Amino acid sequence: MAKLSKKQKALSINPEQLHGIDEAIALARTNATSKFDETIEVALNLGVDPRHADQMVRGVVNLPKGTGKTVRVGVFARGAKADEAREAGADVVGAEDLMETIQGGTIDFDRCIATPDMMGVVGRLGKVLGPKGLMPNPKLGTVTMNVAQAVKDAKSGQVEYRVEKAGIIHSGIGKASFPAEDLRANFDALVDAVVKAKPSGAKGKYVRKIAVSSTMGPGIRVDTTEVAGA
């Protein structure tokens, strides 16, 4: 039997039909038919306008079953803190030397952590790291003296979420090869974190729509009444 194209797969999913969380995850896994292990992704459409500071939604959440991705971690630290970072598994550790490497166009990490004393150096990289979402931030736990724990968290399944201009948060919750119950655990952790991060300026219904999809598959609508606090 010929493999269905993305368009054909999309036709088999009614984009307006609501599904239970477990059913949506199961359908997303079924639609992950590419040769690679697709990521299962969640899109949350929120009733916020992130152009207003009191409606920004941003944070980190530890996915209990991990992400299935290898996360490379860069750390700005000196001396004993640099040693701690290396022992915890950081991939790239440095100070001014790391700054110069990044300024030269090489960024060999997916998450960036810094000790507070290094922010004067890191601050010079704002135009490079900022647009890539890599700028360390104390609110996200990436500016910290406890670099070892921060590195371990980043490696073990911690993901950062941030609402985009259109009021949507996108985040992966694992791979299609994960057991369905692991994807459900990660889904619950992500959505719970976003619900708890509801900003003071949010008016009306907060979680308006939720969709689950695989990397190459169509979006599958989730019934938001199944989500506590939505």
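Every value quoted in this text rests on a predicted model; they were computed, and no experiment measured them.

**Some remarks on the overall build of the protein**
Item 1. Regarding its fold elements, the protein presents 8 helices and 9 strands.
Item 2. Its C-alpha atoms give the protein a radius of gyration of 19 Å, within 12% of the compact-globule value 17 Å for 230 residues.
Item 3. Taken along the three principal axes of its C-alpha coordinates, the protein extends 55 × 45 × 30 Å.
Item 4. Every one of the 230 residues in the protein was classed for burial, and the buried ones make up 47%.
Item 5. Counting contacts in the protein only where the partners sit at least 6 residues apart, residues at least 24 apart contribute 74% of the total.
Item 6. Of note, the protein has its 32 positive side-chain charges centred 5 Å away from the centre of its 27 negative side-chain charges.

**Describing the sheet that holds strand β1 (residues 39–46)**
Item 1. Reading across the sheet, the 4 strands line up as β7-β1-β8-β9 and stay open at both edges, with antiparallel pairing between neighbours. Among the strands making up the open sheet, the edge pair consists of β7 (168–175) and β9 (220–222). Strand-to-strand, the axes of this sheet are offset by a mean angle of 25°, without reference to chain direction.
Item 2. As paired strands, strand β8 (residues 207–214) and β9 are joined by 3 bridges and run antiparallel to one another. Bridge pairing in β9 places alanine 211 opposite arginine 221.
Item 3. Where helix α8 (residues 180–196) meets the sheet, it contacts β1, β7, β8 and β9, and its direction lies at approximately 155° from that of β7.

**Examining the pairing of strand β5 (residues 111–114)**
Side-chain positions along a regular strand alternate between the two faces of the sheet.
Item 1. Burial of β5 is two-sided: the residues Arg111 and Ile113 facing one way and the residues Cys112 and Ala114 facing the other way are all buried.
Item 2. Direction of pairing for strand β3 (residues 73–76) relative to β5: parallel, over a ladder of 4 bridges. Bridged to phenylalanine 76 within β5 is alanine 114.

**Here's the deal with the pairing of β3**
Item 1. Judged by which residues are buried, β3 turns out to be covered on both faces: Val73 and Val75 on one side and Gly74 and Phe76 on the other are all buried.
Item 2. Taken together, the 3 bridges between β3 and strand β4 (residues 92–94) define a ladder with parallel strand orientation. Residue pairing across strands places valine 75 opposite valine 93, the latter belonging to β4.
Item 3. At this point the chain moves from β3, through helix α3 (residues 79–87), to the parallel β4, and the crossover so formed is right-handed.

**Digging into helix α7 (residues 147–156)**
Item 1. Within α7, the full set of buried residues consists of Val147, Ala148, Ala150, Val151, Asp153 and Ala154.
Item 2. Packed against the buried residues of α7 are β2 (58–62), β3, α3, β5 and β6 (158–162).
Item 3. Glycine 157 lies just past α7 and shows a positive phi near 130°.

**Considering the pattern of salt bridges**
Item 1. By the definition in use, this model includes 11 salt bridges.
Item 2. Note that arginine 78 is salt-bridged to glutamate 96, the shortest N-O span being 2.5 Å. Of this pair, arginine 78 sits in the loop between β3 and α3 while glutamate 96 is found in helix α4 (residues 96–103), placing the two residues 18 residues apart along the sequence.
Item 3. Its relative accessible area of 40% is what places arginine 78 among the partly exposed residues.
Item 4. For the salt bridge of lysine 155 with aspartate 91, the shortest nitrogen-to-oxygen distance reads 2.7 Å.

The rules behind each value
- Residues numbered from 1 in each chain as written.
- Predicted model: local features only at pLDDT ≥ 70, side-chain atom pairs only at ≥ 80, totals over all residues.
- Heavy atoms only, no water.
- Helix = DSSP H or I, 4+ residues; strand = E, 2+ residues; numbered from the N terminus.
- Rg over C-alpha atoms; globule rule 2.2 N^0.38 Å.
- Buried < 20%, exposed > 50% of the residue type's maximum accessible area, 1.4 Å probe, protein only.
- Contact = heavy atoms within 4.5 Å.
- Lys, Arg positive; Asp, Glu negative; His and termini not counted.
- Charge placed at Lys NZ, Arg CZ, Asp CG, Glu CD.
- Pairing = 2+ DSSP bridges.
- Axes fitted to C-alpha atoms, helices over the stretch in contact; angles between N-to-C directions.
- Right-handed = clockwise from strand over helix to strand, strands pointing away.
- Salt bridge = Lys/Arg side-chain N within 4 Å of Asp/Glu carboxyl O.

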